[in-house]
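Letter by letter, the chains look like this.
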Amino acid sequence: MAVARQDVSDARRIVVKVGSSSLTTATGGLDADRVDALVDVLAKHRSGGEKEIVLVSSGAIAAGLAPLGLRRRPKDLARQQAAASVGQGLLVARYTASFARYGVRVGQVLLTSDDMSRRAHHRNASRTLDKLLAMGAFPIVNENDTVATDEIRFGDNDRLAALVAHLVHADLLILLSDVDGVYDGDPSKPGTSRIAEVKGPQDLAHVEIGSAGKAGVGTGGMVTKVEAARIAAAAGIPVVLTSAVHAAEALAGGDTGTYFHTTGRRYADRLLWLQHASTPQGALTLDDGAVRAVVERRKSLLPAGIAGVEGEFSAGDPVELRDRQGNAVARGLVNFDAKEIPRLIGRSTHELARELGPAYEREVVHRDDLVLLHP
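Definitions and cut-offs
- Residues numbered from 1 in each chain as written.
- Predicted model: local features only at pLDDT ≥ 70, side-chain atom pairs only at ≥ 80, totals over all residues.
- Heavy atoms only, no water.
- Pairing = 2+ DSSP bridges.
- Helix = DSSP H or I, 4+ residues; strand = E, 2+ residues; numbered from the N terminus.
- Axes fitted to C-alpha atoms, helices over the stretch in contact; angles between N-to-C directions.
- Contact = heavy atoms within 4.5 Å.
- Expected span 1.5 Å × (residues − 1).
- Buried < 20%, exposed > 50% of the residue type's maximum accessible area, 1.4 Å probe, protein only.
- Salt bridge = Lys/Arg side-chain N within 4 Å of Asp/Glu carboxyl O.
- Phe/Tyr/Trp six-rings, centres within 6.5 Å; stacked < 30°, edge-to-face > 60°.

> Teacher, can you tell me more about the sheet that holds strand S10 (residues 306–311) here?
Within a sheet, neighbouring strands are paired by backbone hydrogen bonds and run either parallel or antiparallel to one another. With mixed pairing, five strands are arranged side by side in an open sheet as S10-S9-S11-S12-S13. Sheet topology places S10 and strand S13 (370–372) at the edges, where each strand pairs with a single neighbour. Averaged over all adjacent pairs, the angle separating strand axes in this sheet is 25 degrees, with direction ignored. As judged from the three bridges shared by strand S9 (residues 282–286) and strand S11 (residues 318–322), these two strands associate in the parallel manner. Its bridge partner being in S11, Thr 285 is matched across the sheet by Arg 322. On top of the sheet, helix H11 (residues 288–295) reaches S9, S11, strand S12 (328–333) and S13; it is set at about 110 degrees to S9, its chief contact.

> What's the story with helix H4 (residues 77–100) in this structure? I'm lost.
It helps to recall that an α-helix has 3.6 residues per turn; residues three or four apart then point in one direction. Between the first and last C-alpha of H4 there are 33 Å, a value that for 24 residues agrees with the 34 Å anticipated at 1.5 Å per step. Of all the positions in H4, only Leu 77, Gln 80, Gln 81, Ala 83, Ala 84, Gly 87, Gln 88, Leu 91, Val 92, Tyr 95, Ser 98 and Phe 99 are classed as buried. Where H4 is buried, its residues contact strand S1 (13–18), helix H2 (32–45), strand S2 (52–57), helix H3 (60–65), strand S3 (106–111) and strand S4 (138–143).

> Can you help me understand the pattern of salt bridges in this one?
Between side chains of opposite charge, a pair can form when the charged atoms approach closely. Taken as a whole and assessed by the stated rule, the structure comprises 16 salt bridges. One salt bridge connects Arg 194 with Asp 255, and the closest N-O pair in it is separated by 3.7 Å. Residue Arg 194 is found in the loop between strand S5 (172–177) and strand S6 (197–198), and its partner Asp 255 is found in the loop between helix H9 (247–251) and strand S8 (258–260); the two are separated by 61 residues along the sequence. The partner of Arg 347 in a salt bridge is Glu 355, and the shortest N-O contact between them spans 2.2 Å. Looking at Glu 355, the relative accessible area reads 53%, which means it is exposed. Sharing partners across several salt bridges, the network here consists of Arg 12, Arg 13, Glu 52 and Asp 130.

> Could you clarify how one ought to interpret the packing of aromatic side chains in this entry?
Working definition: an aromatic ring pair is given by the centre-to-centre distance plus the angle between the planes. All told, the structure shown has three aromatic pairs when counted by the stated rule. Each ring, one from Phe 99 and one from Phe 138, has its centre 4.4 Å from the other, and the planes form 35 degrees; the classification is tilted. Here the residue Phe 99 occupies a position in helix H4, and Phe 138 occupies one in strand S4, the gap between them amounting to 39 residues. Accessibility classification places Phe 99 together with Phe 138 in one group, the buried group.

This is the structure we're talking about:
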């Protein structure tokens, strides 16, 4: 076993994500043998009681295609939601029956991006998952495709898996698909080789990452998997990206797939969702001095540093912080409504407090509620 993967074999709480192409046929519909094979691996790995696993499973929309007479994944949101409505029940029923062979109960948790970005929802999701694990149930998480809209969708379950891994304080994230790792070229062509480990973004700087596969049943592709791996690794969670057929080897810490070393430390949940799951409701343009203060000195944003405001937002909403050239440099939770900002622009907090009252002697975005987009 490679020394670099000792933390994989030692991981106690693990999030496993499996893609649609690993569970369904190319034309839609669940492949019972594939589901059973995955469940065999997961159930046996946690059978000793020392391991906890949360499964983030795609496949609801794909499972609903054939029953609705759809030959490919539809592009419009309404038909995707209809397919998800039919397919989600089939997917969970299949998992329930498969895990029952091991005497394991399944708990379904459906999430939207909104659930991850609103603090109360975020806490509730965390408590539910923790309690399911404590009671011996097997949590199966999926995006709630039947109600998600264009504005609040995760877009792919790879990113959802990275956020869930952080949410449950996982020791490891495993991303399973129909590709056995990241390659330095097109894996279907001769002369390319698997990249065994990634220590940082520089290791993939010259690698062309592929998009979604030809089957047309998924939404991700290697781009979203690598991005999810980067999100998790930056939050202190190691990642193994491999194919579903190598799931057992991956969980055991074997030399399979691509191993992403951690590149950062775990940080506050709200900052992770703020950076990766929130949808900015507006934007604040900062002068040059404010950009330096926020980006280089990690200071709060004060009214004096604001040069402009866009959008309609309320206090507590996420907003984008931009430089004068329109480049997004940070994202944060704003302390004022959009309609209040114009009269604050360029003024000191002391001046505002004298004129408008003590409630205005505060930061527009506090540094504790701010995350840099390109640290």
